Amino acid sequence: MQITLKAARMNVNLTQSEAAEKIGVTVDTIGNWERAKSFPNALQIRRIEEVYGIPYNDLIFLPKWK
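**Notes on the environment of Tyr52**
Part 1: Relative to the elements of secondary structure, Tyr52 occurs in helix H4 (residues 42-52).
Part 2: Considered as a pair, Tyr52 and Ala8 are 44 residues apart in the sequence and their alpha carbons are 6.1 Å apart.
Part 3: Every residue in contact with Tyr52, bar those within four places of it in the chain, is listed here: Leu5, Ala8, Arg9, Val12, Leu14, Ala19, Ile23 and Ile30.

Structure follows, in structure tokens:
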């Protein structure tokens, strides 16, 4: 099953603020990832996997649309 970052966060009942604190980034960073304005690096992806409880291969990183 593939899931977006926002849906993965919401599935574990975390606000953007709570997710940011657990992952070690800012709230703006979480929002930017969810809107595909920027993307996490390899270390951040590992934290996302741990915090959201979902493997990287199941995450959908939406393309940036103009």
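And the narrative resumes.
**Thoughts on the confidence of the model for the protein chain**
Part 1: On average, the protein chain scores 91 in pLDDT, and the residues at 70 or more come to 92%.
Part 2: Ranking the elements of the protein chain by mean pLDDT puts strand S2 (residues 59-60) last with 86 and helix H2 (residues 16-23) first with 98.

Definitions and limits used
- Residues numbered from 1 in each chain as written.
- Predicted model: local features only at pLDDT ≥ 70, side-chain atom pairs only at ≥ 80, totals over all residues.
- Heavy atoms only, no water.
- Helix = DSSP H or I, 4+ residues; strand = E, 2+ residues; numbered from the N terminus.
- Contact = heavy atoms within 4.5 Å.
- pLDDT = per-residue confidence, 0-100.

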